[in-house]
Amino acid sequence: MTENKNSRRTFFKKAAATVGIIAAADYIRTLLSVRPYSDEVTERYASDSNAQKMIFSKKQLVLMTDNEKEQRLAELLSNYQKGST
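Structural notes, computed from the coordinates. Note that this is a predicted model, so its numbers are computed, not measured.

Rules used throughout
- Residues numbered from 1 in each chain as written.
- Predicted model: local features only at pLDDT ≥ 70, side-chain atom pairs only at ≥ 80, totals over all residues.
- Heavy atoms only, no water.
- Patch = residues over 30% accessible without salt bridge, like charges linked within 9 Å, V, L, I, M, F, W, Y side chains within 5 Å.
- Areas by Shrake-Rupley, 256 points an atom, 1.4 Å probe, with all protein chains shown as cover.
- Salt bridge = Lys/Arg side-chain N within 4 Å of Asp/Glu carboxyl O.
- Helix = DSSP H or I, 4+ residues; strand = E, 2+ residues; numbered from the N terminus.
- Buried < 20%, exposed > 50% of the residue type's maximum accessible area, 1.4 Å probe, protein only.
- Expected span 1.5 Å × (residues − 1).
- Phe/Tyr/Trp six-rings, centres within 6.5 Å; stacked < 30°, edge-to-face > 60°.

### A word on a nonpolar patch on the surface
Then comes step 1: A contiguous nonpolar patch, built from Y27, I28, L31 and L32 and spanning about 470 Å² of accessible area, is present on the exposed surface.
Then comes step 2: Along the chain, I28 falls in helix α1 (residues 8-33).
Then comes step 3: Looking at I28, the relative accessible area reads 47%, which means it is partly exposed.

### Section: α1
Then comes step 1: With 26 residues, α1 should reach 38 Å at 1.5 Å per residue; the first-to-last C-alpha distance of 37 Å fits that figure.
Then comes step 2: In terms of residue burial, α1 counts as a barely covered element, since only 1 of its 26 residues are buried.

### Let's talk about the packing of aromatic side chains
Centre-to-centre distance and the angle between the planes together describe a pair of aromatic rings.
Then comes step 1: Under the defined criterion, the tally for this structure stands at 1 aromatic pair.
Then comes step 2: Ring plane angle 65 degrees and centroid distance 5.4 Å describe the contact between F11 and F12, whose orientation is recorded as edge-to-face.
Then comes step 3: You can call F11 exposed: its relative accessible area is 52%.

### What about the pattern of salt bridges?
Then comes step 1: Applying the stated criterion across every chain yields a total of 2 salt bridges.
Then comes step 2: Note that R29 is salt-bridged to D26, the shortest N-O span being 2.6 Å. With R29 and D26 both in helix α1 and 3 residues apart, this pair spans about one turn of that helix.
Then comes step 3: Under the relative-accessibility criterion, D26 is labelled partly exposed at 38%.
Then comes step 4: R72 is the salt-bridge partner of E75, the closest N and O atoms lying 3.2 Å from each other. One end of the pair is E75 and the other is R72, both in helix α3 (residues 66-84) and 3 residues apart, which spans about a single turn.
Then comes step 5: A relative accessible area of 41% means that R72 is categorised as partly exposed.

Quick look at the structure:
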């Protein structure tokens, strides 16, 4: 059977290959454009992270009462219903 160079199947194969090549090129461009953090940024992030951990470690967990849970649920449902109308 002879292959028609202008068939739909050939077109879709070429289109899929083109989309794949473009997606791969964009992914590689994204990987190459990411700059590694400098030591100063990494150090600053680490100190901020440690400070936050210290603050959270000193706080105690306070459980919600049943009344607070019901109020919060009512607020969430009310906001959801307002947004969906």
